[in-house]
Amino acid sequence: MENADAEYGGGGRATSAAVALEAVVDPVVAVTSGTITYANGAARNTFGLDADGHETGAGEWEAATVFASWPRLEDEIHETTAGTVRRVTLEIAGDSGDEIAGDRYDARIHRSTDSATITFDRAAEETDETPSPADSDRAIKDRAINEAPVGITISDPDREDNPLVYVNDAYQEMTGYDYDDVIGRNCRFLQGEDSSEDAIAEMAAAIDEDRPVTVELKNYRKDGTEFWNEVTIAPVRNEAGTVTNYVGFQNNITARKEAELALETRTEELEYLLERIEGLIQDVTDVVAGATDRSGLETDVCERIAAETGYDGAWIGERNPATGTIDVRASAGDCGDTTDGIATDGDHPAATALAETEAATGTLEGTTHASFPLSYNGIEYGVLTVRTDRDRPIDDRETVILSALARAVASGVNARETSRVLETDAVVAVELTLADTAVAPVAISAAADCRLEYRRSVHRTDDETMSLFTVTGPDATAEALEAAAADAGLDCRIVVERESECLIELAGGDDLVGWLSERGVRTGAIESEDGRASLTLEIPRSANVRSIVEAVEDRYEGTDVVSFQQRDRDPETRQEFAARLERDLTDRQFAALQRAYLSGYFEWPRPTTGEELAQTMGVSRPTFHEHLRTAEAKLCRALFDEETLSG
């Protein structure tokens, strides 16, 4: 039969072998690609094939019209490994469609690379006998191999170039190649330009040495698409230990491999980023800490960022309300076209960052630009823009780091601007009103019929800020004020109570004075009545006055701006003199002097006693008088000696 396979595998030529097959009593056919290319006499008689012109069995018949069981036979042929034999039990019908006496046949399939020869044996009568364990075991193994979820191949090393003689369904699905596409070919047809040469060499060495091997390499499907293949090849030996075949297992690991490669890439990028950003963070921190003025700080920051590998340039700009642009204050390196400013209503990342108060990126002139708002405590100080040396977007990690740098720069700018409050003579006096009951004096005046006038704010030893207010009006009594404060969740302490007037300490609620001070604003006056407060603020003329006022409007409900006025300060104002004296006094000395003055202790007759004032401070009367005398001495030296206060 093997000779018949060879003779009729390619086209059914009449040969001496065919003549010999004519004498075989069992039906024998040769099939290629669904066409019967040879049928011996027994097959022609059994299946009713037209014998005219086919005395030697040469001819062609469509197998699907000859065998009712052809779909079953076709599947079995595909599942048969080339060079092996498979037995199949089935019922056969002729071209008339009638079963042949209901007889069952055993078909023996002899599989070659491109065709098959089928010999039909009439099966024994049906009995109660079950298939032999060997036949059952073989059928189970055949099904398991063909239906396995991984690609399975078998190759024959005894044939030239070790071709494949079997592939299962999973292999065909994974690669896109049909059974007939691959049988008789070496498995290297899956390889392509990006397949690992090392992995290919490792497989070749393992086959030469008759040992198993597992490699991972990129393969290519029939349609040209790539996939990562985990290939395991193992030799199959006969009882004598001779290698007869190689079995291969293919597992599509594309998802896992891409995840691994992405992780490796992210890890490498993170290591590189951390390595170079660590120095950048330290240097920018040093710049922020050591700069003496805002301009120098901004210039040094831009130069340090531009010097960093991965960045071409950096610039810091500030919104110009008059022109509707973002004007550059400092820059270094290649910053692109920023000479005419950036339109605040445009699509440049800097405009987006300011409008949305968060980081923004975009590609301009083929490179990525990333912008970060410079904002501290709600005050806008401009925008930092970094130009990279690539078009790859800045990832989340780098964005977080650069955002942190921008916050550090904004903090440094805020510190420089705040320090200029005491240094500059050029200020903008802003008068405004607000009605937010989160502010303590507003809440008190809304709950009680009284008027509060701000005197000063001081910090207690526990860092809590307390403000002193003079209260006048019908409800300027300890009972009414303490009740109003309790309802508002405030801490109210009565320092001095007189007829229709009290001196009180307020703590809690929103620290308006402290919040403004952190933004470089000096609070000149606060007067509150009927649930509304009038404020006078002094803001350095060089500061971003508009941004500060907008921050106040955003934070406090019912804020209305009354007026703006530019003016120059006197060489030393009363408040500056008081602040200078306060810095030299201890907390206790200052408290004693302040309480004594505001309570009328220096008037005659005295409306309060030293004992009462000592109780408000929580100290003894002798201790109070000691603090008061020391404070009076320092005050006198400041007024009369014109020397630096000390001791």
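Residues numbered from 1 in each chain as written. Predicted model: local features only at pLDDT ≥ 70, side-chain atom pairs only at ≥ 80, totals over all residues. Heavy atoms only, no water.

### Points about the sheet that holds strand S15 (residues 360–364)
We count it as follows: One requirement defines pairing of two strands: DSSP has to find at least two bridges between them. The secondary structure listing takes helices from DSSP runs of H or I that are at least 4 residues long and strands from runs of E that are at least 2 residues long, numbered from the N terminus. In what follows, a contact means two residues having at least one pair of non-hydrogen atoms within 4.5 Å. Lines fitted to C-alpha atoms define the axes here, with helix axes fitted over just the stretch in contact, and angles between the N-to-C directions of these axes take values from 0 to 180 degrees.
Read from one edge of the open sheet, six strands run S14-S13-S12-S17-S16-S15, paired in antiparallel fashion. Every interior strand has two partners, whereas the edge strands, strand S14 (342–343) and S15, have only one. In the sheet, strand S12 (residues 311–320) pairs with strand S13 (residues 325–333) via eight bridges, with the strands oriented antiparallel. The partner of Trp315 across the bridge, within S13, is Ser331. Packing of helix H11 (residues 294–306) onto the sheet brings it into contact with S12, S13 and strand S17 (379–388), and relative to S12 it is tilted by some 150°. Helix H17 (residues 545–555) contacts S12 and S17 of the sheet and is inclined by roughly 115° relative to S17.

### Describing the pattern of salt bridges
Where we set the bar: Any Lys or Arg side-chain nitrogen located within 4 Å of an Asp or Glu carboxyl oxygen qualifies as a salt bridge. We call a residue buried when its accessible area falls under 20% of the maximum for its residue type, exposed when it is over 50%, and partly exposed in between, using a 1.4 Å probe and counting protein chains only.
What the rule picks out here adds up to 33 salt bridges. A salt bridge links Arg108 to Asp121, with the shortest nitrogen-to-oxygen separation between them at 1.8 Å. Here Asp121 lies in strand S6 (residues 116–122) and Arg108 lies in strand S5 (residues 99–111), a separation of 13 residues in the sequence. Considered together, Arg108 and Asp121 belong to a single accessibility category, that of buried residues. Through salt bridges with shared partners, one network takes in Glu216, Glu230, Arg256, Lys257 and Glu260.

### Here's the deal with the sheet that holds strand S7 (residues 151–155)
As summarised here, the arrangement of the five strands in space is S8-S7-S11-S10-S9, forming an open sheet in which the pairing is antiparallel. Of all the strands in the sheet, just strand S8 (164–167) and strand S9 (213–220) have a single pairing partner and so form its edges. Averaged over all pairs of adjacent strands, the angle between strand axes in this sheet comes to 25°, irrespective of strand direction. Strands S9, strand S10 (226–237) and strand S11 (243–252) of the sheet are contacted by helix H9 (residues 197–208), whose axis makes an angle of about 135° with S9.

### Some remarks on the nonpolar core
Condition: Buried Ala, Val, Leu, Ile, Met, Phe, Trp, Tyr and Cys residues form a nonpolar core when they are joined through side-chain atoms within 4.5 Å.
Ranked by internal contacts, the top residues of the largest apolar core, which has 74 residues, are Ile444, Leu481, Ile504 and Leu535. No other element matches helix H13 (residues 396–423), which puts seven residues into this core. Leu535 has contacts with Val430, Glu431, Leu432, Leu434, Leu512, Leu516, Ala525 and Ile526, leaving out every residue within four places of it along the chain. In terms of nonpolar packing, the next biggest core, distinct from the first, is built from 22 residues, Val29, Phe67, Leu90 and Ala107 among them.

### Things to note about the packing of aromatic side chains
The test is simple: To pair, rings of Phe, Tyr and Trp, with the six-membered ring standing in for Trp, must have centres within 6.5 Å; the planes then decide the type, stacked if under 30 degrees apart, edge-to-face if over 60, and tilted in the middle.
One pass over the full model with this rule turns up nine aromatic pairs. Note on Tyr105 and Phe120: the rings are 6.5 Å apart at their centroids and 85° apart in plane angle, and the pair reads as edge-to-face. Here the residue Tyr105 occupies a position in strand S5, and Phe120 occupies one in strand S6, the gap between them amounting to 15 residues. With relative accessibility at 2%, the residue Tyr105 sits in the buried group.

### Brief notes about the confidence of the model for the protein
Interpretation of the predicted coordinates at a detailed level should be avoided for regions scoring low in pLDDT. Our working definition: Across the chain, each position has a pLDDT score giving the predictor's confidence in that residue, from 0 to 100.
Confidence in the prediction of the protein, expressed as mean pLDDT, is 82, and 84% of residues score 70 or more. Taken element by element, the predicted model of the protein shows its lowest mean pLDDT in helix H1 (residues 2–8) (41) and its highest in S9 (95). Below a pLDDT of 50 lies the segment residues 95–101, which in the model reaches 12 contacts outside its immediate sequence neighbourhood of four places, other chains included. Segment residues 642–647 is flagged for pLDDT under 50; beyond a separation of four residues in sequence, or across chains, it makes 12 contacts in the model.

### Quick look at the environment of Glu74
Structurally, Glu74 can be placed in helix H5 (residues 70–79). For Glu74, a relative accessible area of 33% translates into the label partly exposed. Sequence spacing of Glu74 and Ala64 is 10 residues, and the spatial spacing of their C-alpha atoms is 9.3 Å.

### With respect to the packing of helix H19 (residues 587–598) against helix H20 (residues 610–617)
To be explicit about the condition: Orientation categories follow fixed angle ranges, with anything under 35 degrees roughly parallel, anything over 145 roughly antiparallel, 65 to 115 roughly perpendicular, and all other angles oblique. Here a crossing is taken to be left-handed if its near helix is turned anticlockwise relative to the far helix by less than a right angle, and right-handed if that turn runs clockwise. Residue polarity follows a fixed list, in which Ala, Val, Leu, Ile, Met, Phe, Trp, Tyr, Cys and Pro are nonpolar, Asp, Glu, Lys and Arg are charged, and the others, Gly among them, are polar.
Between H19 and H20, the shortest axis-to-axis distance is 11 Å and the interhelical angle comes to 135°. Of the possible angle classes, the one that applies to H19 and H20 is oblique. Between H19 and H20 lies a crossing whose hand is right-handed. Within the contact between the two elements, H19 uses Arg588, Ala591, Ala592, Arg595 and Ala596 and H20 uses Leu613, Thr616 and Met617. In the contact of H19 with H20, the residues fall into five nonpolar, one polar and two charged.

### Some words on the side chain of His348
Take His348: it is sitting in the loop between S14 and helix H12 (349–356). Relative accessible area serves as the criterion here: at 12%, His348 is assigned to the buried category. With near-sequence residues (within four places) excluded, His348 lies in contact with Trp315, Ile342, Leu364, His369, Ser371 and Thr385.

### Some remarks on the pairing of strand S23 (residues 522–529)
One ladder, built from seven bridges, connects S23 with strand S24 (residues 532–540); its direction is antiparallel. Considered in S24, the bridge of Ala525 is made with Thr536. If you look at the hairpin formed by S23 and S24, you'll find two residues sitting between the two strands, and Asp530 has a positive phi there, around 55°.

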